[in-house]
Amino acid sequence: MRAPVIGAFFADDWDMLVRMTKCSTAITHRDERAQEGALVIALAAAMAYTANGLPVTVASFFERVLPYVQGTELKDRLLQAKAYVQTQRSLSDFVQYLGLQKKGITGYVNHTVPAVIFTWLRYGDDYEQAITRIVEAGGDTDSNAALVGALIGVNQGAQCIPAPWLQGMRVACQHGFFTPHGAGAGNQTGVCYIPCHCARTALAVVVAAQSGVFGCGAGTWFSAVAAFLSLPALAGP
């Protein structure tokens, strides 16, 4: 989930972007497949950021990013994602192609990355629809939604987040959301929010943005993490 931050920050220097993504990923993921998947997400974020509110076209994304992909499995699934986007297939269709209709989109990089890229390119003009679709697909929903939200957010800014979702965040803060288990003693609402460990990465991004670390407005980064800090209904039990 840190790859989009690196991608947006080094959007104008892809050589440095590649180096920093590899260094960052290696801290927790030594498998080359994971490092390559993180790079795809970082490059997507770079393109989304520099597009400055305009959509990233399917053709331009794959033309620029595919040369960085060496893994056969990841490349094949990305190409299938391209075909499905171009024919306006649904995310559920793509999930079925991946064979994940029962278990959902798992945390395996060659499941996550193609599904996230598909969702971003297919529904990227509609933040609410994109996040809802990726969450409804099941599996590793917090990571998947955070990545999709980041790619749309760095392109469109905080204004793309539905107002009721932002209100859900405020309610969560008021009722003990940020506790070890996501529901503190002050939470008397009976609503089940997303556990706190999912929020830590989001908070780190927001705090860094507010501190000027990224050299851009906090609003842009805020939208990148609101996906899993928004409506309680999306969190599930």
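This section reports on the structure supplied with the text. Remember, it's a predicted structure, so these values are computed and weren't measured experimentally.

In terms of helices and strands, the protein carries 13 helices and zero strands. When the elements of the protein are put in sequence order from the N terminus, they spell out α-α-α-α-α-α-α-α-α-α-α-α-α. For the protein, the proportion of its 237 residues judged to be buried stands at 52%. When the accessible surface of the protein is summed, it comes to about 11100 Å², and 53% of that surface belongs to carbon and sulfur atoms.

Going through the model one piece at a time under the given rule, you end up with three salt bridges. A salt bridge links D31 to R33; its shortest N-O distance comes to 2.9 Å. On the basis of relative accessibility, which here comes to 36%, the residue D31 falls in the partly exposed class. A residue is classified by how much of its surface remains accessible, and R33, at 43% relative accessible area, is partly exposed. One salt bridge in this structure joins D93 and R89, with 3.3 Å as the shortest N-O distance.

All right, on to helix α5 (residues 72-86) then. Across its 15 residues, α5 extends 21 Å between first and last C-alpha, which sits within 8% of the 21 Å expected from 1.5 Å per residue. Residues L74, R77, L78, A81, Y84 and V85 constitute the buried set of α5. All buried residues of α5 lie within an arc of 120° about the axis, which places them on one face of the element. Facing away from the buried side of α5, by more than 90 degrees, are the exposed residues T72 and Q86. Q88 sits one or two residues past α5 and shows a positive phi near 60°.

What follows covers the nonpolar core. Counting 63 residues, the largest nonpolar core has V40, F61, L78, I117 and W120 as the members making the most contacts within it. Take this core: its biggest share by element is 12 residues, from helix α3 (residues 32-51). I117 has contacts with V40, I41, A44, F61, F62, L78 and L151, leaving out every residue within four places of it along the chain.

This next bit is on the layout of surface pockets. Empty space within the largest pocket amounts to approximately 480 Å³. What lines the largest pocket is a set of 21 residues, among which M1, H29, A34, A38 and L147 lie closest to the centre. Mapped onto the lining of the largest pocket, the elements with two or more residues apiece are α1 (3-9), α2 (14-26), α3, α7 (109-123) and α9 (141-156). For the lining of the largest pocket, the element with the most residues is α3, which contributes four residues.

With respect to the helices, strands and loops of the structure, Q35 is situated in helix α3. When its relative accessible area of 14% is taken as the criterion, Q35 is described as buried. Look past the residues within four positions of Q35 in its chain and what remains in contact with it is K22, T25, A26, H29 and R30.

Conventions and cut-offs
Residues numbered from 1 in each chain as written. Predicted model: local features only at pLDDT ≥ 70, side-chain atom pairs only at ≥ 80, totals over all residues. Heavy atoms only, no water. Helix = DSSP H or I, 4+ residues; strand = E, 2+ residues; numbered from the N terminus. Buried < 20%, exposed > 50% of the residue type's maximum accessible area, 1.4 Å probe, protein only. Areas by Shrake-Rupley, 256 points an atom, 1.4 Å probe, with all protein chains shown as cover. Salt bridge = Lys/Arg side-chain N within 4 Å of Asp/Glu carboxyl O. Expected span 1.5 Å × (residues − 1). Arc of directions from axis to C-beta. Core = buried A, V, L, I, M, F, W, Y, C linked by side-chain atoms within 4.5 Å. Contact = heavy atoms within 4.5 Å. 1 Å grid on protein atoms, 1.4 Å probe; cavity = no way out; pocket = protein on both sides within 12 Å on 5 of 7 lines; lining within 4 Å. Points joined across faces, edges and corners; volume = space filled by probe spheres on them.

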